[in-house]
Amino acid sequence: MTLLRGYVMAAVFKGVALVLLVLITVRGCIELVGQLNDVGEGSYHLVTALRYVLMRLPRAVFDTLPAASLIGSLLGLGNLAVHRELVVMRASGVSTWQLLSAVGLAGFGLAVLMALLGESLAPSLAAYAAEMRTRAVHEDVAVGDGQATWVKDGDRILSLRRQTTGPLTYGGGVWLFELGPDKALKRVARADSADIDANNNWVLANYAETSFADTGIESRRERESTETYGLNQDLLGLSVVRQDMLDTPALQRYIGYLRANNLDARRYEIAYWKRLADIVSVVLMTVLALPFVFGGLRSAGTGARLLLGLVIGLCYYVLGQLLASGGEVYGIDPRIVGWAPSGVLLLVTAVALTRAR
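Scoring rules and cut-offs
- Sequence order as written defines residue numbering, which begins from 1 separately in each chain.
- This being a predicted model, a pLDDT of at least 70 is required before a residue's local features are given, and a value of 80 or more before pairs of side-chain atoms are given or counted; all residues contribute to the totals for chains, interfaces and linings.
- Side-chain measures were taken over the full set of non-hydrogen atoms in the model, leaving aside hydrogen atoms and water.
- Secondary structure elements are defined from DSSP: runs of H or I of at least 4 residues count as helices, runs of E of at least 2 residues count as strands, and each element is numbered from the N terminus.
- For each residue, the accessible area found with a 1.4 Å probe, counting protein chains only, is set against the maximum for its type, and the residue is called buried under 20%, exposed over 50%, and partly exposed in between.
- Here, two residues are considered to be in contact whenever any of their heavy atoms come within 4.5 Å of each other.
- By definition, two strands form a pair when at least two bridges between them are found by DSSP.
- Cavity and pocket criteria rest on a 1 Å grid covering protein atoms alone: a 1.4 Å probe that fits but cannot get out defines a cavity, protein on both sides within 12 Å along at least 5 of 7 lines defines an open pocket, and an atom within 4 Å of a point defines a lining residue.
- Grid points are joined across faces, edges and corners, and a volume is the space filled by probe spheres set on the points.
- Ten residue types, Ala, Val, Leu, Ile, Met, Phe, Trp, Tyr, Cys and Pro, are classed as nonpolar, four, Asp, Glu, Lys and Arg, as charged, and the remainder, Gly among them, as polar.
- Within this document, salt bridges are pairs made up of a side-chain nitrogen of Lys or Arg and a carboxyl oxygen of Asp or Glu, the two lying within 4 Å of each other.

Some points on the overall build of the protein
The number of helices and strands found in the protein is 11 helices and 8 strands. Counting across all 357 residues of the protein, residues that qualify as buried make up 45%. Sequence-distant contacts, at least 24 apart, represent 63% of the contacts inside the protein between residues at least 6 apart.

A closer look at the pairing of strand β5 (residues 185-191)
With 6 bridges connecting them, strand β4 (residues 173-179) and β5 associate as antiparallel partners. Considered in β5, the bridge of Leu-179 is made with Leu-185. Once β4 ends, the chain turns through 5 residues before running back antiparallel as β5, passing Lys-183 with a positive phi of about 65 degrees. Across 4 bridges, β5 lies against strand β7 (residues 202-213) in antiparallel orientation.

Observations regarding the layout of surface pockets
Estimates place the volume of the largest pocket at around 1400 Å³. Around the largest pocket, the lining is made up of 43 residues, and of these Arg-59, Asp-63, Lys-274, Tyr-317 and Gln-321 lie nearest the centre. Put simply, the parts of the chain that give the lining of the largest pocket at least two residues each are α1 (2-35), α3 (57-82), β6 (193-196), α9 (266-294), α10 (302-330) and α11 (334-355). Ranked by residues supplied to the lining of the largest pocket, first place goes to α10 with 13 residues. A breakdown of the residues in the lining of the largest pocket according to their chemical character gives 23 nonpolar, 8 polar and 12 charged.

Side note on the pattern of salt bridges
Scanning the model with the defined rule gives 15 salt bridges in all. Taking the shortest distance from any N to any O, the salt bridge between Glu-178 and Arg-187 comes out at 2.6 Å. Neither residue differs from the other here; Glu-178 and Arg-187 are each classed as buried. In this structure, Arg-187 engages Glu-209 in a salt bridge whose closest nitrogen and oxygen atoms are separated by 2.9 Å. Taken together, the residues Arg-187 in strand β5 and Glu-209 in strand β7 connect sequence positions 22 residues apart.

Listed below in structure tokens is the structure:
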């Protein structure tokens, strides 16, 4: 049974690898075409664009692995069914549950791969790629000690600081220095972190400002302040705390920081639970392929299996995106938002397994 289990797992891995190769190649080509408009800006050349796209590939693998697991499993197991290998296995006394254990182990291996990508290469390389691209396109961005980026916008000078050591690895704050007509210091402000709203305004957390006027010095503090700086949105990406560029421990720390300062952490909580649910969904997607292969797709062609996998994968993705957007707007519990698509997938898988012959 061990040899048979390894054979089934190898078929699943081959199918998933083939699908991943196709999906990542298509996504990489589309992303490269999208970068061509910026080629020639500053020091952003074609080689830099290629490096940018290549460094984002681990993130692309992380995002597409759930759907690729289903499609690849359908193709791999479907090929076994077409060549009557599954029939021979069943006739030899191999039960559905034994086959299920082999497919489940393959899914577990894919889930481990996804978790490793999400905790290492995917967030770090994506963050570095975004910073590299922004600095290449906007050559007026100056870097001092490697932990701060300085940007000049008219009479405003911003320091977008990054904290690379210690428990908070997601950012070190935003500083603003504004000069008056005579180049004298007019205003100094700082915030712990920055984000951007739907109107492209800067949303600054724990904002503190000191203004220097002829009549005296004025100061104000706000838990959250909305400012319009008029800077390119790409530059904001140097200081924005993006949930897709944080590993899970950093995401947990940032959620704790937001809660401790009475700031809205819902977006990051949704991202946290959704990340965990997506990893679990890889196992469910892989297992879901087995009952379909035993059912109506036993003798179906590759096109039919591919279409089914695309439909289910697309439905899972759309449902996840709709819930993530709606959950943040309507205040739905982040755990429900994150786990609901996987819960639906689990129900579909359970029903399909009970009907498998």
